[in-house]
Amino acid sequence: MYKVVRSYHFALSLLLVLTVFVSCKSDSSADTAAEKTNEELKKLEKSLESLKEGNGEVVEISVLKDALPEKILGMKRTSHNGQRTGMAGIKIANAEARYEDGDKRLSISITDSGGLGAAFSMLAAWSEIEIDNSSDEGYERTTMIDGKKAIEKFNHNTKQGEISVISADRFIISINSNNLSEKELRSVISEIKIKV
């Protein structure tokens, strides 16, 4: 889901977008916005520098796979895999699992960013902004689940839901569901325990 090259290019693209955004701000708020953006860019630069030094370590695949239980909400795990990749000091580990029970479907992905730190957090742009969109069909909103930053989407008509959560400033847990209730979908987060 999160390819290493895409992640690095995304971070660099984000730098360009932030620069353009600051230059387009009105004079009255340009100084404040520029200062805040400069602080964020310094954090991102520091994070990217640590990547070049190869300091970032990710957990073993077995740790991520063990966080995905054989059963969740009575659904049996039907697939279970993991991978670990590295390039130019950037390391990513990922584990995925799928669950089924009748017409209920659930897929979970856990990605460990290791030393990517702030650079990786920038990939989850929703974690830095507030989103709250709702309609008769469903909603998309940023929130907190079990003390973790999260974004959730739910469609009442199709009964499809998504939740992404940042845990310990390094793990991104992504959950997609079909025919689960909103409450069931949220409860999945507490079932995932990463032991590091």
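See above for the structure.
Residues numbered from 1 in each chain as written. Predicted model: local features only at pLDDT ≥ 70, side-chain atom pairs only at ≥ 80, totals over all residues. Heavy atoms only, no water.

What's the story with the pattern of salt bridges in this structure? I'm lost.
If the charged atoms of two oppositely charged side chains come close together, the side chains can form a pair. Applying the stated rule across the entire model yields 7 salt bridges. Between R170 and D112 there is a salt bridge, with its nearest N and O atoms 2.8 Å apart. With R170 in the loop between strand 8 (160-167) and strand 9 (171-178) and D112 in strand 4 (residues 104-112), this residue pair connects regions lying 58 residues apart in the sequence. A residue is classified by how much of its surface remains accessible, and D112, at 0% relative accessible area, is buried. Here the salt bridges share partners, and the residues they tie into one network are R141, E152 and R186. (Salt bridge = Lys/Arg side-chain N within 4 Å of Asp/Glu carboxyl O. Helix = DSSP H or I, 4+ residues; strand = E, 2+ residues; numbered from the N terminus. Buried < 20%, exposed > 50% of the residue type's maximum accessible area, 1.4 Å probe, protein only.)

Any chance you could explain the environment of S62 here in plain terms?
Inspection of the secondary structure assignment puts S62 in helix 3 (residues 61-66). Exposure remark for S62: the relative accessible area of 43% places this residue in the partly exposed category. For the pair S62 and A95, spaced 33 residues apart in the sequence, the C-alpha separation amounts to 8.6 Å.

How should the layout of surface pockets be read in this particular structure?
Leftover empty space is mapped by rolling, across the atoms, a probe with the size of a water molecule. Considered as a void within the structure, the second largest pocket measures approximately 160 Å³ in volume. Taken together, 11 residues make up the lining of the second largest pocket; nearest its centre are E96, R98, S107, I108 and S109. Contributions of two or more residues to the lining of the second largest pocket are made by strand 2 (75-87), strand 3 (90-101), strand 4 and strand 9. A class-by-class count of the residues in the lining of the second largest pocket yields 3 nonpolar, 6 polar and 2 charged. (1 Å grid on protein atoms, 1.4 Å probe; cavity = no way out; pocket = protein on both sides within 12 Å on 5 of 7 lines; lining within 4 Å. Points joined across faces, edges and corners; volume = space filled by probe spheres on them. Nonpolar A, V, L, I, M, F, W, Y, C, P; charged D, E, K, R; others polar.)

When you look at the nonpolar core in this model, what are you seeing that I'm missing?
L106, I108, I110, I175, I192 and I194 are the most contacted members of the largest nonpolar core, which totals 31 residues. Secondary structure elements with two or more residues in this core: helix 3, strand 3, strand 4, strand 6 (138-145), strand 7 (148-155), strand 8, strand 9 and helix 5 (182-191). Looking at this core, the element that brings in the most residues is strand 3, giving 4 residues. Look past the residues within four positions of I108 in its chain and what remains in contact with it is L68, I72, A95, E96, A97, Y99, I173, S174, I175, V188 and I192. (Core = buried A, V, L, I, M, F, W, Y, C linked by side-chain atoms within 4.5 Å. Contact = heavy atoms within 4.5 Å.)

Don't take any of this as a statement about function, it's just geometry.
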